[in-house]
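Structural features, examined
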Amino acid sequence: MATLAVAGGTPVRTKPFPKWPIFDEREVQALREVVESGRVVGRTPGSKVEQFEQAFARYQHAKHCIACTNGTTALYLALRAVGVKPGEEVIVPPYTFIASATSVLDVGAVPVFADIDPTTMTIDPKAAEAAITPRTTAIMAVHIAGRPADMDALKALAQNMAWRSLKMRHKRTAPVGGVGGSAPSAMPVASVSKPAKTSTQVKAGQC
Ligand SMILES: Cc1ncc(COP(=O)(O)O)c(C=O)c1O
């Protein structure tokens with residue numbers, strides 16, 4: 001076996017990684033327009049924030065998009081919006097960012113882990129099904145590294161859950177973080193922030 005670079009062997013990568021995030025004159029111009037408009041706070045009609053929300057909603061085939069300070073806030077708001085209450089349980093994957101679980105705690109609910117499918121690295125619908133209890137009211141699917149969670153299977157599960165919880169408790173269930181309009185009540189959430197993310201924004205999230 002070749003000697004590892006760390007042990008003095010030839011490195012596989014000889015050039016530095018490209019600069020990231022990438023900003024050019026367009027971002028500078030957009031920023032200049034905001035500063036010169038004097039409307040640097042808030043979500044006024046025609047503002048860049050509103051333009052972004054509309055563009056992102058179109059991109060997601062969603063009716064609406066609400067810009068938030070970050071993805072963690074968007075998760076919290078989405079959980080509140082779909083009606084998750086204190087004491088309820090939300091099924092989340094363990095392979096994700098910590099906010100998947102802490103946002104559930106923030107609404108007073110209990111995060112319940114369901115393992116991932118090792119081939120997709122996203123929540124395994126069968127594990128999610130096994131984690132359902134009478135207190136479960138939502139499933140949070142997290143898409144990882146461009147690999148979407150199995151939303152068809154999760155949607156079917158959520159519909160079944162809705163039926164069960166309607167019969168049992170007159171409650172609604174909802175997957176949070178899905179792509180598009182998965183029934184019965186879906187709330188896609190995105191974090192498009194920090195240099196580590198693939199979109200070159202400064203800091204934002206939306207639901
Ligand atoms: C899967 C996932 N959920 C939520 C978040 C939280 O997003 P933010 O850092 O914008 O609060 C992140 C951030 O890395 C994430 O990767």
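Here the residue numbering is sequential within each chain, running from 1 through the sequence in written order. It should be noted that, the model being predicted, local features are given only for residues of pLDDT at least 70 and side-chain atom pairs only at 80 or more, the latter also being counted only at that level, while totals for whole chains, interfaces and linings use all residues.

1. A look at the overall build of the chain
Put simply, the test is: Helix numbering and strand numbering both begin at the N terminus, where a helix is a DSSP run of H or I of at least 4 residues and a strand a DSSP run of E of at least 2. For the exposure call, what matters is how many other C-beta atoms sit within 10 Å of a residue's own: 20 or more marks it buried, 12 or fewer exposed, and in between partly exposed, using C-beta atoms placed from the backbone.
Each helix and strand in the chain was counted, giving six helices and seven strands. In the chain, the order of α-helices and β-strands from amino to carboxyl end is α-α-β-α-β-α-β-α-β-α-β-β-β. Within the chain, the fraction of its 207 residues that count as buried is 30%.

2. Quick look at unusual backbone geometry
Cis geometry is found at the peptide bond from Trp-20 to Pro-21, where omega equals -5°. Looking at the element boundaries, Pro-21 is found in the segment before helix H1 (25–37). For His-61, which is not glycine, the phi torsion reads 55° and is therefore positive. Within the element layout of this structure, His-61 appears in the loop between helix H2 (48–59) and strand S1 (67–68). For His-61, a count of 10 C-beta atoms within 10 Å gives the class exposed. Non-glycine residue Ala-145 carries a positive phi angle of around 50°. Summarising the element assignment, Ala-145 is placed in the loop between strand S4 (136–140) and helix H6 (151–169).

3. What about helix H3 (residues 71–81)?
Since there are 3.6 residues in each turn of an α-helix, residues three or four apart along the chain are aligned in direction. When we look at burial in H3, the residues that qualify are Gly-71, Thr-72, Ala-74, Leu-75, Tyr-76, Ala-78 and Leu-79. Positioned one or two residues after H3, Gly-83 has a phi angle of 90°, which is positive.

4. Points about the nonpolar core
Defined as follows: As used throughout, a nonpolar core is a set of buried Ala, Val, Leu, Ile, Met, Phe, Trp, Tyr and Cys residues joined through C-beta atoms within 7 Å of each other. We call two residues in contact whenever the C-beta atoms placed from their backbones are within 7 Å.
The biggest cluster of nonpolar side chains holds 32 residues, and the ones touching the most others in it are Leu-79, Val-90, Ile-139, Met-140, Ala-141 and Leu-154. Where this core is concerned, the elements lending two or more residues are H3, strand S2 (89–92), helix H4 (99–106), S4 and H6. Residues contacting Val-90, with those up to four places away along its chain left out, are Leu-79, Val-84, Val-104, Ala-109, Pro-111, Val-112, Thr-137, Ala-138 and Met-140.

5. Thoughts on H1
For clarity, the threshold we go by: A helix is expected to span 1.5 Å multiplied by its residue count minus one.
Here H1 is 13 residues long and its end C-alpha atoms lie 18 Å apart, about the 18 Å a rise of 1.5 Å per residue gives. Counting buried positions over the 13 residues of H1 gives zero, only a small fraction of the element.

6. Focus on the pairing of strand S3 (residues 110–113)
Within a regular strand, side chains alternate between the sheet's two faces. Quick note on the threshold: Each pair of strands is called paired provided DSSP finds at least two bridges between the two strands. The handedness rule is simple: strands pointing away from the viewer, and a clockwise path from the first strand over the helix to the second, make the crossover right-handed.
When S2 meets S3, the two strands line up parallel, connected through four bridges. Following the sheet pairing, Glu-89 is matched in S3 by Val-110. A crossover links S2 with its parallel partner S3, the connecting element being H4, and its sense is right-handed.

7. Topic: the pairing of S4
In terms of burial, S4 is largely enclosed, as five of its five residues are buried. Bridge count for S2 against S4 is three bridges, and the pairing is parallel. Looking at the pairing, Ile-91 lines up with Ile-139 of S4.

8. Here we look at the confidence of the model for the chain
Where we set the bar: Residue-level confidence of the predictor is what pLDDT reports, using numbers from 0 through 100.
With 80% of its residues at a pLDDT of 70 or more, the chain has an overall mean of 82. Ranking the elements of the chain by mean pLDDT puts strand S5 (residues 174–176) last, at 46, and S3 first, at 97. Low pLDDT, under 50, characterises residues 168–184; the predicted model gives this stretch 61 contacts beyond four residues in sequence or across chains.

9. As for the packing of H3 against H4
Describing two packed helices takes the angle between their axes plus the distance from one axis to the other. Rules: Fitted lines through C-alpha atoms give the axes, limited to the stretch in contact for helices. The angle between two N-to-C directions lies from 0 to 180 degrees. Angle categories are assigned with fixed cut-offs, so that under 35 degrees is roughly parallel, over 145 is roughly antiparallel, 65 to 115 is roughly perpendicular, and the rest are oblique. Whether a crossing is left-handed or right-handed is set by the direction in which the near helix is turned from the far one by less than a right angle, anticlockwise for left-handed and clockwise for right-handed. Any residue that is not Ala, Val, Leu, Ile, Met, Phe, Trp, Tyr, Cys, Pro, Asp, Glu, Lys or Arg is counted as polar, Gly included; the first ten are nonpolar and the last four charged.
Where H3 contacts H4, the two axes come as close as 9 Å, and the packing angle between them is 45°. By the angle class used here, H3 and H4 are oblique. Helix-helix and strand crossings are classified by hand; for H3 and H4 the assignment is right-handed. Side by side, H3 and H4 meet where Gly-71, Thr-72, Leu-75, Tyr-76 and Leu-79 of the first sit next to Ala-99, Ser-103, Val-104 and Asp-106 of the second. In the contact of H3 with H4, the residues fall into five nonpolar, three polar and one charged.

10. Observations regarding the environment of Ile-66
Relative to the helices and strands, Ile-66 resides in the loop between H2 and S1. Spatially, the C-alpha atoms of Ile-66 and Glu-53 are 6.2 Å apart, while their sequence positions differ by 13 residues.

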